[in-house]
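Geometric and topological summary
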Amino acid sequence: MKTLMLGNEAVARGLYEAGCSFVSSYPGTPSTEITEYVAKYNEVYAEWAPNEKVAMEAAFGAALAGSRSFCGMKHVGLNVAADPLFTISYTGVNAGMVIAVADDAGMHSSQNEQDSRHYAMSSKIPMLEPSDSAEALEFTKLAFDLSEQFDTPVLVKMCTRIAHSQSVVTTGDRVEVKKDYQKNPSKYIMMPGNAKLRHPVVEERTKALTEYAETAAINVLEAGQSNEKGIITSSTSYQYVKEVLGDKYPVYKLGMIWPMPKKAILDFANSVDELIVVEELDGFIEAHCQSLGLSPKGKEAFGMIGELSQNIVREKFDKDILCGTKVDAVIPNRPPVMCAGCPHRGLFYTLAKNKITVIGDIGCYTLGAVPPLNAIDAVVCMGASISGLHGFNKANNGESDGKSVAVIGDSTFMHSGMTGLINIAYNSSNSTVIILDNSITGMTGHQQNPTTGYNLKGDPATKINLEALCKAVGINRVRVVDPYDLNECETAIKEELAADEPSVIISRRPCALLKYVKHNKPLIVDSDKCKSCKMCMRIGCPAISMKNGKAVIDNTLCTGCGVCEQLCKFGALKKVEEE
Amino acid sequence: MQTKNVMIVGVGGQGSLLASKLLGKLLLTKGYDIKVSEVHGMSQRGGSVVTYVRFGDKVYSPIIDKGEADFIVSFELLEAARWTEFLKPGGRIIANTQQINPMPVITGAAEYPEALDEKMKAAGINLTAVDALSLAEQAGSSKAVNIVLMGILSKYFDFSEDEWYQAIESSVPPKFLELNKKAFALGRGVN
């Protein structure tokens with residue numbers, strides 16, 4: 001059947017059709033929907049793991065047991081899972097194991113622009129790279145076959161434009177695959193004596209995979225009208241090339257991005273006058289060509305930063321660049337903002353007001369960094385708030401203890417915040433950690449996590465008790481506040497910063513966008529009382545604006561949280577009591 | 001057929017994804033090759049959002065670049081003005097005249113430009129500017145702005161009214177069907 005599918009949905013369909021029966025992932029844009037879609041198939045067990053490392057190890061265990069398995073993550077998630085990745089390369093698999101990694105060139109929703117293709121080469125694991133949804137489905141199925149044929153996990157590399165583009169796919173039926181588990185210590189116990197014997201197996205496998213790549217059906221040679229130029233490309237870059245040049249020049253499209261063929265590329269290079277490599281981010285294909293003694297035109301022309309597009313390809317191939325007319329006006333930016341009613345807002349306001357140094361983390365609450373709150377000092381990666389604060393306070397010999405905090409969400413705390421907290425307790429820095437518990441993984445679009453009490457399929461699950469966990473790792477001072485209550489927040493922050501031992505404040509209030517969260521009536525403005533002081537504007541609520549010098553509330557956005565009411569010294573903003 | 005390009009732009013949370021879903025379903029039944037691209041994540045939090053819909057005999061690129069859009073359907077006036085460079089010469093912008101202040105305007109760091117519809121016309125842009133929010137409310141819900149705008153767009157396509165209604169039927173829950181059909185008809189009736 002022909003249907004329109006998101007690239008991520010097509011990977012999920014490929015998992016289903018390939019007989020995959022175990023999926024463990026951690027959400028991360030742009031990879032999240034793969035696991036959400038696959039969870040809809042009853043034949044597939046699917047879960048959210050606390051982090052990518054756990055997910056990959058669980059997927060390895062399932063493959064070892066004889067079930068085709070999968071884990072999915074964004075590019076930076078693969079850093080977290082890199083430890084098992086490099087060693088599962090040595091052990092190989094029993095039933096097939098596939099890992100999807102989604103890059104984010106252009107950083108639509110990420111903290112860096114790393115190129116995951118390097119992981120394939122350094123971990124010596126083959127990587128397939130689809131260029132649309134139809135290929136996402138087909139390559140996912142092929143990845144399982146290759147995994148079993150070559151006894152290796154296989155990476156499927158997505159990117160924002162493939163993951164979040166819908167295109168036409170043809171669906172097929174599911175096959176069932178189940179292998180027997182047999183104990184095999186020399187293959188699966190990676191201690192030095194065994195690992196030394198596995199490394200040569202990996203190198204031989206790479207040779208065999210390179211041989212496979214020479215004639216693989218997913219490495220496609222498309223003929224062109226003129227051999228003046230020849231283009232090697234893959235993924236979205238292939239689509240931009242074809243969009244602009246059609247069949248003007250021959251194109252060698254790599255569906256398998258590692259290992260790359262040698263002879264096929266040399267033959268292609270010899271068949272054209274000028275060799276051009278079109279690829280996003282790093283010069284990965286280009287470096288391979290250079291290792292073969294070729295000197296293609298590549299990164300020097302196209303650069304290593306951001307996404308490519310058809311206009312960039314037009315420019316580099318000396319074609320006219322199109323552009324519409326500009327309007328004669330200064331168009332203000334529209335950056336993402338914390339939603340109206342967001343429970344994080346009151347807490348960040350309190351931190352900014354008290355001029356506290358805030359080491360932040362990854363999630364919706366990173367938006368506490370933008371104006372007018374400007375409440376965050378540093379953000380690096382998942383979990384780095386807590387561990388970073390520990391180092392910050394230790395380096396200051398206690399001088400910053402009373403005026404600095406770490407801020408981290410519930411899901412991020414489960415992911416990799418806990419270990420940082422253990423470090424604070426164990427190595428005794430007098431640090432204060434604030435866990436923003438909004439009862440969901442917010443940024444990636446509402447995924448369940450170990451603190452929410454529900455699993456990926458929506459069924460009730462063990463709910464991790466944050467207070468008990470913090471106490472168990474050695475934090476004696478643990479308290480819970482309601483971030484809608486500014487006084488309570490301020491009192492708690494001041495007391496915990498003043499205390500002479502480490503502490504945790506749990507700021508608890510569910511995300512205002514959750515369906516079960518009941519909103520209050522929108523606040524009303526008593527214009528006569530409004531003195532235009534703009535205090536209410538300091539919290540950056542999209543529901544509040546000033547018109548003709550008076551505060552105005554947008555009724556369609558206001559959730560009646562009442563944080564602004566607490567800021568107004570003149571009683572101009574009022575909550576409406578529910579009848 | 002040469003590839004046609006429709007951009008759907010607006011503010012995160014306005015419902016532009018349903019509009020692209022509807023369009024995608026309709027185009028699939030007509031046998032076109034289609035690509036619909038959206039960006040999730042950070043851009044959803046009240047930021048600028050853009051969806052690209054491309055269809056034709058064979059569609060390669062998932063995105064629409066500057067100077068390529070046949071139509072830009074905008075859910076908000078400032079967003080229409082933001083993307084004019086993406087319009088093809090002779091293309092058309094269909095804009096909801098609703099204004100939603102972005103954060104720099106709310107905080108007073110920037111101003112919402114005056115008379116953007118006049119300025120777009122002055123720049124030689126074919127503009128259909130409609131108060132789609134009022135029409136949606138007239139149909140029964142402010143959330144139906146997306147379907148009102150699809151109704152306006154539908155006049156520029158050769159598909160029958162029935163084909164559009166079938167696509168609406170397969171895209172919205174049954175209990176909202178009548179409301180959305182009404183919203184579509186109000187949009188299609190705009191001159």
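All values derive from a computational prediction rather than experimental measurement. (Residues numbered from 1 in each chain as written. Chains lettered and ligands numbered in written order. Predicted model: local features only at pLDDT ≥ 70, side-chain atom pairs only at ≥ 80, totals over all residues. Heavy atoms only, no water.)

1. Points about the packing of aromatic side chains
Cut-off, in case you're wondering: Stacked, edge-to-face and tilted labels apply to pairs of Phe, Tyr and Trp rings (six-membered ring for Trp) whose centres lie within 6.5 Å, assigned for plane angles under 30 degrees, over 60, and everything in between, in that order. Numbering of helices and strands runs from the N terminus, with a helix taken as a DSSP run of H or I at least four residues long and a strand as a DSSP run of E at least two residues long. Classification of residues uses two cut-offs on accessible area relative to the type maximum, computed with a 1.4 Å probe and protein chains only: under 20% is buried, over 50% is exposed, and between them is partly exposed.
Within this structure, the stated rule accounts for 18 aromatic pairs over all chains. Aromatic side chains Phe86(A) and Tyr119(A) sit 6.4 Å apart centroid to centroid with 70 degrees between the ring planes, which places their arrangement in the edge-to-face category. Of this pair, Phe86(A) sits in helix 5 (residues 82-91) while Tyr119(A) sits in helix 6 (residues 117-123); the two residues are 33 residues apart in sequence, bridging distant segments of the chain. With a relative accessible area of 33%, Phe86(A) lands in the partly exposed category. On the accessibility criterion, Tyr119(A) (16% relative accessible area) is buried. Measuring from centroid to centroid gives 5.4 Å for Tyr165(B) and Phe184(B), while their planes differ by 65 degrees, and the two rings are edge-to-face. Of the two residues, Tyr165(B) is situated in helix 7 (residues 161-169) and Phe184(B) in helix 8 (residues 177-188); the sequence distance between them amounts to 19 residues. Residue class for Tyr165(B) comes out buried when judged on its relative accessible area of 16%.

2. Side note on the domain arrangement of chain A
All names here are of chain A. Quick reminder of the rule: Residue ranges for the domains originate in an automatic or database domain assignment. What counts as buried area is the accessible surface, traced by a 1.4 Å probe, that two parts surrender upon association, with contributions from both included. Salt bridge, as applied in this entry: a Lys or Arg side-chain nitrogen positioned within 4 Å of an Asp or Glu carboxyl oxygen. Any pair of N or O atoms that falls within 3.5 Å is considered a polar contact. Within protein, one atom must be able to donate a hydrogen and the other to accept it, and sequence-neighbouring residues count only if both atoms are side-chain atoms.
When its domains are assigned, chain A resolves into domain 1 (2-215), domain 2 (220-321), domain 3 (344-508) and domain 4 (524-578). Distance between the C-alpha centres of domain 3 and domain 4: 28 Å. The contact between domain 3 and domain 4 buries some 860 Å² in all, and 64% of this surface belongs to carbon and sulfur atoms. Per-residue buried area on domain 3 facing domain 4 is highest for Arg345, Tyr349 and Tyr484; these three make up 63% of the total on that side. The interface formed by domain 3 and domain 4 includes zero salt bridges. Inspection of the domain 3/domain 4 interface yields four residue pairs in polar contact (both at pLDDT 80 or more). Put simply, the parts of the chain that give the side of domain 3 that touches domain 4 at least two residues each are helix 16 (344-353) and helix 20 (486-498).

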